Structure formats: C-alpha cells, structure tokens
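# Understanding the architecture of this molecule
Below, each chain spelled out in residue letters.
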Amino acid sequence: MDHAGDVRETPGVAGHLLSVNKDLARAIVATFREVPRDDLYKRLVLYTRDDWGRSYEWLDTSGLELYFLERLKTLGIERAVPQEVRAGMERNFADNKVRTTKILAEFVRINQALQREQLNYCNVKGIALAPISCPDPVLRRQLNMDFILSASDSGRCQDILAELGYSAHLLGKHYSEFHAKPAAQPPDTGIKTVTPPSIGVYFVLADAQGVDRAPYAMLERRRTKTWDGHKFPAPAEPDHFIAQAIRMLGQVGTEWTRLAFLLEFRTCVHFWLHDERFWREVIDRAQEHPLRPVAIATATRLAAEIFGGNIPLPLQKWTVDEL
C-alpha cells in the first residue's frame, strides 16, 4: 500500500507480508479481545525482535499499529514488546500526530470552502468517525477524505476543489476522486512533509426512486458534528453505522480489507450496545435497501469472531441469525 508523504519508521527488521509470524499476528489481535492481561503478556513476551520485524508490514498495512500501541498502554503490558519495537511505534505515533494535525487543518479548509458555497454535502469516514468508532483520529492513518454530495452540485464541487489546489484524478457519474496538485519540492531541511490526502466524492441523486433513493435520504438526515472545535456535516449516527457496514461488505476478501476498519466497526457496536433506540433506528433505516441487512450482518459477525465482544440482541435476531 502506498503511503505517499507519510514517513514512518519500521521497527525491527524489515519484513514482508508472506513472512509474517501468524501466531504473533493472532496474539496482537487477541489484545483487543476480553482476555486477562497476564495471559496476553505471557503470550506476547514469547516473540523476538526478529518475529516483530518480519510481522511489521502486516501490522502496518492492517492499520492496527497505533491502536495496538494504545491498547498495550491501556493494559499496562508495554514491556511484553521488545524495547526497540516499542520505540519505533512511539516514533510512528509522534509522526502521525503531526500528520493528523496537518490533515485536520486541510479538512477544516475544505469544509469551510464547501460551506461558504452552501453545497449540499456531508463528510463520511475519516475524522467523522471520531469519537464513536475511533476515540482519537491520531490512532488511524487517514489516506483520504470522503464526502457524499448532491449530484446537482458536482460541477461546483469540482471548481471549488480546483481553487483549493486539487485536480481530478477520476471523474465519474457516481464517484469522483481528486488529488492534490504536486507542489514545488522544498529544499532538504530535514523536516517531514505531509502530502494532502486524496478526496473521494460520492454523488447521490435527489430524484432517484425506490431503493435507489436511499443514499440521498442519508444525505437529507445529516447532522452537524464538532471535533476539536470545528463544525462539519456528517451522517446521522445510525446512517454512519450502516455506511461502515456497507464499506466492510465491499472490502471482504479484497486487497483493500484492513482489520482496523473492522475494529472501528466493533468499537461503534460497543458504543451503542445498550441503546435500544439506536438499534431501532438502524433496523428501520436498513429497510431502505436490501443490501443493508446483509452488510450489517456480515460486518457484525466478522467483528465478533475476530475481535470478540457482544452482538446486540435486536441485531443478532434480525441480521446475523438470518445470514
């Protein structure tokens, strides 16, 4: 996976996905399950610096590295991991914190421009996942920004992004992607640069009928969220939950599958675990499209099997049992 402009240090010995220590990978995943901390410590401490080095590419591309570091600290078992490996992860966390701050500034800049022109849009994924699915954006490596936009505003959106320094990489009827125009290469000052993330825009039709209108209905129900003092439009929480499930269904079995996305979905499930009103809204809105119950069932079952945790009873009966 290409992390353009994202400079990170690989702890330990550089490795390849094919040489990953699968037992170590399972031990890392186990830290997110409800397992006694002493058992986790005894399991992790068995692996050598070489084991970690050979498994690092998997840990990185899975998106779990910084979540794992945070989990180690929460459990108080950091010393189960070799000191050199921990030091590398800490440096990567510090680098990502700087990167996230710059991405947040770009996020704010783009949202302010879209709001000034009163475009009919909302943010999805990324920073919009905080804090329900992701407690802190610093824990995830954001490679793109995604928006849902009324198709009637597509031309204006392209013009606005062009003014902000983005050019069209892909233009389609239902989806377009924009990349930042290459900037002049600064002199080598030793300061790490951050390439702005790509921007994906999903176009939805206001005049669509039947099940095809479901995406626009989600746009109509958008809410204003606040993060770090900045306001931006995002899907209502039940809609965002459904959108995460659909994303997972689309990635199952593909090279784009990242365990971090599934962990974030599980985190969202746990956040709403005992909120019956939320689950009633999810069930009601999932009826808008026949793909939604399948997506929710698939993502919920995978999350529970891999990361553990409870499945809300209404969801169990209505989706997982049916699947």
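Before any of the text, the structure's been laid out above.
Here's what I pulled together on the structure shown here. (Residues numbered from 1 in each chain as written. Predicted model: local features only at pLDDT ≥ 70, side-chain atom pairs only at ≥ 80, totals over all residues. Heavy atoms only, no water.)

## Remarks on the environment of tryptophan 256
- Structurally, the position occupied by tryptophan 256 is in the loop between helix H8 (237–251) and helix H9 (259–271).
- Sequence separation between tryptophan 256 and tyrosine 121 is 135 residues, and the spatial gap between their C-alpha atoms is 25 Å.
- If we skip the residues at most four places from it in the chain, tryptophan 256 touches Gln251 and Phe261. (Helix = DSSP H or I, 4+ residues; strand = E, 2+ residues; numbered from the N terminus. Contact = heavy atoms within 4.5 Å.)

## Points about helix H12 (residues 313–320)
- Those residues of H12 that sit buried are Leu315, Trp318, Thr319 and Val320. One side of H12 holds all its buried residues, which, seen down the axis, span an arc of 150 degrees. Exposed side chains of H12 directed beyond 90 degrees from the buried face belong to Leu313 and Lys317.
- Buried residues along H12 sit against H8, helix H10 (276–286) and helix H11 (291–307). (Buried < 20%, exposed > 50% of the residue type's maximum accessible area, 1.4 Å probe, protein only. Arc of directions from axis to C-beta.)

## Remarks on the nonpolar core
- Core analysis: the largest hydrophobic core is formed by 55 residues, its most contacted members being Leu44, Trp52, Trp58, Leu64, Phe68, Phe241 and Ile296.
- With 8 residues, H9 is the largest single contributor of residues to this core.
- In this structure, leucine 64 is in contact with Val29, Phe32, Trp58, Leu59, Leu259, Ala260, Leu263 and Phe307, ignoring residues within four places of it in sequence.
- Of all hydrophobic cores here, the second largest spans 25 residues; its members include Val108, Leu114, Ile127 and Phe232. (Core = buried A, V, L, I, M, F, W, Y, C linked by side-chain atoms within 4.5 Å.)

## Regarding empty space enclosed by the protein
- Using the criterion set out here, one finds 7 cavities of 30 Å³ or more in the structure.
- When its volume is computed, the largest cavity comes out at roughly 80 Å³.
- Lining of the largest cavity is provided by Gly63, Leu64, Glu65, Leu66, Tyr67, Leu139, Arg140, Arg141, Arg258, Ala260, Phe261 and Glu264.
- Grouping the constituent residues of the lining of the largest cavity by class yields 6 nonpolar, 1 polar and 5 charged. (1 Å grid on protein atoms, 1.4 Å probe; cavity = no way out; pocket = protein on both sides within 12 Å on 5 of 7 lines; lining within 4 Å. Points joined across faces, edges and corners; volume = space filled by probe spheres on them. Nonpolar A, V, L, I, M, F, W, Y, C, P; charged D, E, K, R; others polar.)

## Remarks on the pattern of salt bridges
- Per the counting criterion, the structure on display carries 20 salt bridges.
- One salt bridge in this structure joins aspartate 23 and arginine 26, with 3.1 Å as the shortest N-O distance. Within this pair, aspartate 23 and its partner arginine 26 are both found in helix H1 (residues 22–30), separated by 3 residues, close to a single helical turn.
- Aspartate 153 is the partner of arginine 156 in a salt bridge, and the nearest nitrogen-oxygen pair spans 3.3 Å.
- Since its relative accessible area comes to 36%, arginine 156 is described here as partly exposed.
- For aspartate 153, a relative accessible area of 9% translates into the label buried.
- One network of salt bridges, in which partners are shared, links Arg221, Asp239, Arg277, Glu281, Arg285, Glu288 and Arg292. (Salt bridge = Lys/Arg side-chain N within 4 Å of Asp/Glu carboxyl O.)

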